[in-house]
Amino acid sequence: MEFNRSISILFFFLLFQGMIVVSSAKSEFSFLRKFSFSNSGDGHDRNCRGCHDEQGSITVAYTDPSGAIRTFKMNFNELSSLNGTEETAGLGVTSNEQLGNRSELSLTNRSETVDQIRFQDQNAKPIDPIQRKRELLRQKRRERRKMHLIHMSQENELEIQDAAINRTKNFVNKAQDRYSIWRVEYQNPMSTSVLKLMKDQIIMAKIYASIFFSKKELDLYQLLIMRIKESQDAIGDASSDNELHESALARAKAMGHALTSAKDKLHQSEEIERKIRAMLQLSEENINTAKKQNTFLVQHAAKTVPKPLHCLHLQLTNDYYNYKEGIFEDKSKLEDASLYHYAIFSDNVLATSVVVNSTVMHATEPHKHIFHIVTDRLNFPAMKMWFMMHPPSHATINVQNIDEFKWLNSSYCSVLRQLESAQIKEYYFKFNHPSSLSAGHENLKYRNPKYLSMLNHLRFYMPEVYPKLDKILFLDDDVVIQRDLTPLFSVNMKGMVNGAVETCKESFHRFDTYLNFSHPKISKNFDPRACGWAFGMNLFDLKEWKKRNITGIYHYWQDLNEDRKLWKLGSLPPGLITFYNLTYPLDRNWHVLGLGYDPAVDPKEIESAAVVHYNGNYKPWLDLAIGKYKQYWSNHVKFDNPYIQHCFMND
């Protein structure tokens, strides 16, 4: 306090002697830079004793913005250069001559005067010359603008006012098809904010209308019903704001007023809550019903044979029975264990041909590849005729009828015995069974007839079907081959029976997804976190198969699951159990899945995969197929074939 008081005394002492010191906000140091004299023109004050030294300089102390005390020296020559500037206005007594010279003093001279100040504080930063120059330019522009406004005529001022008024009149403050131009979320032309608002209004209006109807307040009831109809007409089939009727905003506003009136009239919040709960429950029931119907329709479409495929089978079957030439088959390679053998179990001629064609196309030695195709009695003539008329280049094809496997009977095969039981038939075909759509059974998709076909279970009897072979590669009919599969036969599976690509990712596709671990038989023998794998491309070591009696393991678990309590329906869960701890994980690039249900499969994974699999309901030969994946399959269909042209092009 005493120190600050001393500085104040020094300041007023200088002021009393005729020198005025002012702090500047423009400088980083807030140093005192503005001075004027009111007594003598030479800048010397002969009455000031102790204010300056013999060389004619003075010491000034000040406080900067940070609170630190600064000092600097200034001689009288520098002070006299500031005499008569415009900064002295209002700070002391000034002469008319000084006031007249204010406009003539240049900003550059003031800047140069300030530059002559010498600071004793060595830590202070120098003023940036670029920043100083910019500040001087700003001050020049302000002064020019100020002078221009001062000398502006009244006519010019009126012209500026008229121009501003005209701009205001011509300003458009709304944008077409948008709720508000001031909110960012409404700037998107595909925005649905207004649409959602109107739908929410309709829901609330229905709630209020039903309450007013029960209370016999028909005026508000009719008003709300009218507003609901208007809003529904404005919405129509719109899916975004820009598709709404041009009257949508006006009707939304009118609905808002009606809802406000209804809210003011009705104060029973409990009654509104009950009504909302009832509507929510009804909406959930409708959604569940729609989901069940959608599942049923998708399953129905997936299992229905398209008309072109049905036509193809009929044409081939007819030509098979009318074929007069003898049928020659080279069976010398069918049991040669040194060759590459493939097993395909299918009733779809076109799908099987794509698997064979794509495999042979990428094979380096096609003559070493043998395809063993097994189909049912109904489709055997068509399958046989197709490969007789269109044999793949150099590869060998063998088509068999599953009904000719005399060893495959209900006394040996437990699953066949179960499929023939009355209980299974009721489960699959009775409408009033819990598996029906009306009961909403979650396993509706497993009511597909393919699960009743032994072609779906024949994969568990490989050594019986091919007793002379050591290895065989099993392929589903909904796969496409994109690379030579020959290296797969040389993979060392380290004593495992089944070579497959694992499908588990984090918590997905593990054993607890397929098996019922609440059953003691399952929880005691299997790990719920064990990784699942996929059927569709599987390399089977038939020597190890026989050694470990895999078919016997399969029969054991099928007998335990006669009541269908151990696992979900389908062929994969019993496969996971049968090959538990006997599956060798192949590299993921061998087999990429999901093209029959997942539209987000990574394109890079598809391109690099040896086999792509259309597992799911959206098979590539159906109209349900995912469009961007269909080309991988259709590239191997021979559309110039007479059968294809007749059945597919004339559909």
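Basis of the calculations
- Residues numbered from 1 in each chain as written.
- Predicted model: local features only at pLDDT ≥ 70, side-chain atom pairs only at ≥ 80, totals over all residues.
- Heavy atoms only, no water.
- UniProt positions renumbered as here; feature names shortened; annotations may be inferred.
- Helix = DSSP H or I, 4+ residues; strand = E, 2+ residues; numbered from the N terminus.
- Buried < 20%, exposed > 50% of the residue type's maximum accessible area, 1.4 Å probe, protein only.
- Areas by Shrake-Rupley, 256 points an atom, 1.4 Å probe, with all protein chains shown as cover.
- Expected span 1.5 Å × (residues − 1).
- Polar contact = N/O pair within 3.5 Å; in protein donor to acceptor, adjacent residues only side chain to side chain.
- Pairing = 2+ DSSP bridges.
- Phe/Tyr/Trp six-rings, centres within 6.5 Å; stacked < 30°, edge-to-face > 60°.
- Lys NZ or Arg CZ within 6 Å of the ring centre and 35° of its normal.
- Disulfide = S-S within 2.5 Å.
- Core = buried A, V, L, I, M, F, W, Y, C linked by side-chain atoms within 4.5 Å.
- Contact = heavy atoms within 4.5 Å.
- Salt bridge = Lys/Arg side-chain N within 4 Å of Asp/Glu carboxyl O.

- Naming follows an unreviewed UniProt entry, where the chain appears as Hexosyltransferase of Rhynchospora pubera.
- We quote the UniProt Pathway (unreviewed entry) comment for the chain here in full: "Glycan metabolism; pectin biosynthesis."

### Some remarks on the overall build of the chain
Consideration 1: Assigned secondary structure in the chain consists of 24 helices and 15 strands.
Consideration 2: Scored against the burial criterion, the 651 residues of the chain give a buried share of 42%.
Consideration 3: Accessible surface for the chain amounts to roughly 37,500 Å². Of this, 51% is attributable to carbon and sulfur atoms.

### Re helix α12 (residues 349–362)
Consideration 1: Helix length check: α12 (14 residues) gives 21 Å between terminal C-alpha atoms against 20 Å at 1.5 Å per residue, within 8%.
Consideration 2: With respect to burial, α12 is a largely interior element, 12 of its 14 residues being buried.
Consideration 3: If you check which residues of α12 are buried, you get Val-349, Leu-350, Ala-351, Thr-352, Ser-353, Val-354, Val-355, Val-356, Asn-357, Ser-358, Thr-359 and Val-360.
Consideration 4: Of the residues that open α12, the one with a side-chain oxygen 3.2 Å from the backbone nitrogen of Leu-350 is Asn-348.

### Some details on the sheet that holds strand β15 (residues 611–613)
Consideration 1: The sheet built from three strands is open, its strands ordered β10-β15-β14 with mixed pairing. Each edge of the open sheet carries a strand with a single partner, namely β10 (479–481) and β14 (591–592).
Consideration 2: With three bridges joining them, β10 and β15 adopt antiparallel strand pairing. Its bridge partner being in β15, Ile-481 is matched across the sheet by Val-611.

### With respect to the packing of aromatic side chains
Ring pairs (aromatic) are described by centroid distance and by the angle formed between their planes.
Consideration 1: This model, assessed by the stated rule, comprises 26 aromatic pairs.
Consideration 2: Judged by centre distance (6.0 Å) and plane angle (85°), the ring pair of Phe-460 and Phe-535 falls under edge-to-face. Highlighted residues: Phe-460 in the loop between α15 (422–429) and α16 (462–465) and Phe-535 in the loop between α18 (520–525) and β12 (537–541), separated in sequence by 75 residues.
Consideration 3: Overall, Phe-460 belongs to the buried group, its relative accessible area being 0%.
Consideration 4: Ring centres 5.5 Å apart and planes at 70° place the aromatic pair Trp-545 and Phe-579 in the edge-to-face group. With Trp-545 in helix α19 (residues 542–548) and Phe-579 in the loop between α21 (572–578) and β13 (583–585), this pair connects stretches of sequence that are 34 residues apart.
Consideration 5: Residue classification places Trp-545 among the buried residues on the basis of a relative accessible area of 2%.
Consideration 6: One residue, Arg-459, lies across the ring of Phe-535, its end atom 4.7 Å from the ring centre.
Consideration 7: The ring of Trp-590 carries Arg-483 above its face, with NZ or CZ at 5.1 Å from the centroid.

### Details of the state of the cysteines
Consideration 1: Going through the model one piece at a time under the given rule, you end up with two disulfides.
Consideration 2: Linked covalently through their sulfurs, Cys-311 and Cys-647 form a disulfide whose S-S length is 2.2 Å. Between Cys-311 and Cys-647 the sulfur-sulfur dihedral comes to about -65°; the bridge is accordingly left-handed. On the criterion of sequence distance, the pair formed by Cys-311 in helix α11 (residues 307–321) and Cys-647 in helix α24 (residues 642–649) is long-range, its members being 336 residues apart.
Consideration 3: Overall, the relative accessible area of 5% leaves Cys-647 in the buried class.
Consideration 4: The disulfide partner of Cys-504 is Cys-531, and the S-S distance across this bridge is 1.7 Å. Between Cys-504 and Cys-531, the S-S torsion sits near -100°, and that sign places the bridge as left-handed. In this pair, Cys-504 sits in the loop between β11 (498–500) and α17 (511–514) while Cys-531 sits in the loop between α18 and β12, placing the two residues 27 residues apart along the sequence. The residues Cys-504 and Cys-531 share a single accessibility class, namely buried.

### Looking at the nonpolar core
Consideration 1: Grouped together as the largest cluster of nonpolar side chains are 60 residues, with contacts concentrated most on Leu-473, Leu-475 and Leu-595.
Consideration 2: Take this core: its biggest share by element is seven residues, from α12.
Consideration 3: With sequence-adjacent residues up to four places away left out, Leu-475 is seen in contact with Tyr-342, Ala-343, Ile-344, Phe-345, Val-355, Thr-359, Ile-481, Gly-536 and Met-537.

### Topic: the side chain of Thr-578
Consideration 1: The residue Thr-578 is located in helix α21 in this model.
Consideration 2: In terms of polar contacts, Thr-578 uses its side chain to reach the backbone carbonyl oxygen of Pro-574, at 2.7 Å.
Consideration 3: Excluding residues within four positions of it along the chain, Thr-578 makes contact with Phe-460, Ile-550, Ile-553 and Tyr-554.

### Some thoughts on the environment of Ile-276
Consideration 1: Looking at the secondary structure, you find Ile-276 in helix α10 (residues 269–303).
Consideration 2: You can call Ile-276 partly exposed: its relative accessible area is 37%.
Consideration 3: Sequence separation of Ile-276 and Ile-207 is 69 residues, and the distance between their C-alpha atoms is 7.0 Å.

### Overview of unusual backbone geometry
Consideration 1: The phi torsion at Lys-216 lies on the positive side, around 65°, for a residue other than glycine.
Consideration 2: You can see Lys-216 is positioned in the loop between α7 (193–214) and α8 (218–235).
Consideration 3: With a phi angle near 55°, Lys-494 is a residue other than glycine that sits in the positive phi range.
Consideration 4: Mapped onto the elements of the fold, Lys-494 is located in the loop between β10 and β11.

### Quick word on the pattern of salt bridges
Consideration 1: For the structure shown, the criterion picks out 13 salt bridges.
Consideration 2: A salt bridge links Arg-138 to Glu-135, with the nearest nitrogen and oxygen atoms 3.3 Å apart. Placement of the pair is Arg-138 and Glu-135 together in helix α5 (residues 129–150), with a separation of three residues, close to one helical turn.
Consideration 3: We note a salt bridge from Glu-335 to Lys-468, for which the minimum N-O separation is 3.6 Å. Taken together, the residues Glu-335 in the loop between α11 and β6 (340–345) and Lys-468 in the loop between α16 and β9 (471–475) connect sequence positions 133 residues apart.
Consideration 4: One network of salt bridges, with partners in common, ties together Glu-135, Arg-138 and Arg-142.

### What to know about the pairing of β12
Consideration 1: Taken across its five residues, β12 has five buried, putting it largely inside the fold.
Consideration 2: Of the two faces of β12, the one carrying Met-537, Leu-539 and Asp-541 and the one carrying Asn-538 and Phe-540 are both buried.
Consideration 3: Bridging between β9 and β12 involves five bridges; their strand directions are antiparallel. Residue pairing in the sheet places Lys-471 in a bridge with Asp-541 of β12.
Consideration 4: Pairing of β11 with β12, which is carried by two bridges, proceeds in the antiparallel orientation. Residue Gly-499 lies in a different strand from β12, and its bridge partner there is Leu-539.

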